[in-house]
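Residue-level listing of the chains:
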Amino acid sequence: MPVHPGCGSRLVTGTVVPSVLATGQVPSRVQRRGRYLPESMRHPGKMLPSIASQVISLFSRPGELVVDPMCGIGTTLVEAVHLGRDAAGMEYEADFAGLAAANVQHARAQGAAGNGRVACGDARNIASVFAGLRGSAALVLTSPPYGARTHGHIRSGVRDGDGGPVEKWNHRYSTDKGNLAHQPLPELVEGFGEILAGCGELLRPDGVVAVTVRPIRIDGYLVDLPGQVITAAEKAGLVLMHRLVALLCGVRDGRLVTRASFFQMLAVRRHQEKGSPVCVTAHEDLLIFRKQGAHG
C-alpha cells in the first residue's frame, strides 16, 4: 500500500516508518501455524504475529531487549527471539504464562537466536519483578485487555435446514477476578496506566513503548479506548510520538478483505438493520510513546 512520504517518520531504525502497516495480509491462524504450539489458539485476545514482528523490526535492533508486560501466550516474545532480540514477558494467568514459555522454547528449537524469559504475576509490579532490567529495554510492546471476554471461537449447528445452536469457547481470559480484564473500564485503564509506568522504568532513555489498541463497544456504545490509553500513558510519564495504523484486514487489488469474526459480523449486521452506520473493525491503532524528556 503506497504511503505519502510525509506520513512516515524516522525513528529507531533510521528507516521510514509508514503510517499504515499491512499486517493483515494473512489470517492469524495461518501466521501461527507451525510457529506456535497448537494450544495457543485458546487465548481469546492474541496480538497478530505480523503486528509484533513489524513493530519489533521497526523499533529495535538484533541483540536488544523487547518487553511485553501482558504477554499472554507469548506472541511478542516469540517474534522477538525469531528476530534475534532478547525478550522478557509477564503474564497474570499461570496457564498462559506456561504456554508463553513453551512457545519461546518452541521458537528456540526452530533456530531462533534470541533468548526469552517469562514471569507469572501482576504486571503492575513489573519494575520490581524485572529490577535487573531497569533502563535496558529498547522496546515495550503490548496491548490492553478488552474486558473479561471476547468473541472467542464458535461452531454453528444445523437442524432440519435451519440454524441450530451456536457453541462458543475460548472467549474468556480467566475466571480470576484479580485479573485486570475483569475490572470496569475506568479501573482497567487506570491499572494499564500503572503497568505502563512500571515499563517506563525498564525502558532505556531512547526506548519506545508501542501499544496496539482499538475502539470497543460497551452496551452498544462506541468507546474511544485508544484515547483513554493515551491519557493513561501521559499520566505515566510517556509522550505520544505517533499514532499509526496496523491493519487487521487484508488488501487485495485495492480492496479490503475482512478478517472479522462471526460475532463481529453479526453485531454489525444487527446495527445496520437498525439504521446505525456501523462497520467491522479493519485496523488497530498503533500508539508509539517515548519517555518525557527523551530525544531522537
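Bear in mind that the values here come from a model prediction, so they are computed numbers and not experimental data. (Residues numbered from 1 in each chain as written. Predicted model: local features only at pLDDT ≥ 70, side-chain atom pairs only at ≥ 80, totals over all residues. Heavy atoms only, no water.)

Chemist: Sorry, what's going on with the overall build of the chain here?
Modeler: What the chain contains, in helices and strands, is eight helices and 16 strands. In the chain, buried positions account for 45% of the 296 residues. Counting only contacts in the chain whose residues sit at least 6 apart along the sequence, the fraction spanning at least 24 positions is 71%. A total accessible area of about 14100 Å² is found for the chain, and carbon and sulfur atoms account for 52% of it. (Helix = DSSP H or I, 4+ residues; strand = E, 2+ residues; numbered from the N terminus. Buried < 20%, exposed > 50% of the residue type's maximum accessible area, 1.4 Å probe, protein only. Contact = heavy atoms within 4.5 Å. Areas by Shrake-Rupley, 256 points an atom, 1.4 Å probe, with all protein chains shown as cover.)

Chemist: What is the right way to read unusual backbone geometry from this model?
Modeler: Negative phi values dominate among residues other than glycine, just as trans dominates among peptide bonds. Phi angles above zero are rare outside glycine, and D253 is one such case at about 50°. Relative to the assigned elements, D253 resides in the loop between β14 (250-252) and β15 (255-257).

Chemist: When you look at the sheet that holds strand β4 (residues 65-68) in this model, what are you seeing that I'm missing?
Modeler: Remark on secondary structure: sheet strands pair via backbone hydrogen bonds, oriented parallel or antiparallel. With mixed pairing, the eight strands of this open sheet are ordered in space as β3-β13-β16-β10-β7-β4-β5-β6. Strand pairing shows two members of the sheet lacking a second neighbour, β3 (20-21) and β6 (116-120), which therefore form its edges. Note that strand β13 (residues 238-247) and strand β16 (residues 283-291) share nine bridges and pair antiparallel. For A246, the partnering residue across the bridge sits in β16 and is E284. Strand contacts of helix α4 (residues 94-109): β5 (86-91) and β6, with the helix running at about 175° to β6, the strand carrying the most contacts. (Pairing = 2+ DSSP bridges. Axes fitted to C-alpha atoms, helices over the stretch in contact; angles between N-to-C directions.)

Chemist: Before we go on, may I ask you to explain the confidence of the model for the chain in this structure?
Modeler: Any segment with low pLDDT has predicted coordinates that should not be analysed in fine detail. Considering every residue of the chain, the mean pLDDT works out to 85; 83% of them sit at 70 or more. With pLDDT under 50 throughout, residues 1-10 is counted as low confidence; its partners more than four residues away or in other chains account for 17 contacts. (pLDDT = per-residue confidence, 0-100.)

Chemist: Just checking my understanding: could you explain the packing of aromatic side chains for this structure?
Modeler: Remark: the centre distance and the inter-plane angle together describe each pair of aromatic rings, the angle taken between the planes. Here the structure, examined in full by the defined rule, presents zero aromatic pairs. Note that R32 overlies the ring of Y36, its terminal NZ or CZ placed 4.8 Å from the centroid. (Phe/Tyr/Trp six-rings, centres within 6.5 Å; stacked < 30°, edge-to-face > 60°. Lys NZ or Arg CZ within 6 Å of the ring centre and 35° of its normal.)

Chemist: When you look at the pattern of salt bridges in this model, what are you seeing that I'm missing?
Modeler: Side-chain pairing between opposite charges can occur once the charged atoms of the two side chains come close. Throughout the structure, instances matching the rule amount to ten salt bridges. Linking D122 and R124 is a salt bridge whose minimum nitrogen-to-oxygen distance equals 2.9 Å. A relative accessible area of 30% places R124 in the partly exposed class. When salt bridges that share partners are traced, they join R61, E64, R204 and D206 into one network. (Salt bridge = Lys/Arg side-chain N within 4 Å of Asp/Glu carboxyl O.)

Chemist: Which parts of the structure should I look at to understand helix α7 (residues 225-235)?
Modeler: For an α-helix, 3.6 residues make a turn, and residues three or four places apart therefore share a direction. Buried within α7 are the following residues: L225, P226, G227, V229, I230, A232 and A233. If you follow the buried residues of α7, they end up packed against α6 (185-202), β10 (203-213), β11 (216-218), β12 (221-223), β13 and β16. Measuring from the backbone nitrogen of G227 back to the side-chain oxygen at the start of α7 gives 3.0 Å, which picks out D224 as the cap. (Polar contact = N/O pair within 3.5 Å; in protein donor to acceptor, adjacent residues only side chain to side chain.)

Chemist: Help me out: how do you make sense of the environment of C279 in this one?
Modeler: For C279, the location among the structural elements is in the loop between α8 (262-273) and β16. Classification of C279 as exposed rests on a relative accessible area of 62%. Placed twelve residues apart in sequence, C279 and A267 show a C-alpha to C-alpha distance of 9.3 Å.

Chemist: Mind showing me how you'd approach the pairing of strand β7 (residues 137-142) here?
Modeler: On a regular strand, each side chain points to the face opposite its neighbour's, so the side chains alternate between the two faces of the sheet. Counting buried residues in β7 gives six out of six residues, a clear majority hidden from the surface. In the sheet, β4 pairs with β7 via three bridges, with the strands oriented parallel. From the neighbouring strand, L65 faces β7, where its bridge partner is A137. As paired strands, β7 and β10 are joined by five bridges and run parallel to one another. Each bridged residue has a counterpart across the sheet, and for A137 the counterpart in β10 is L203.

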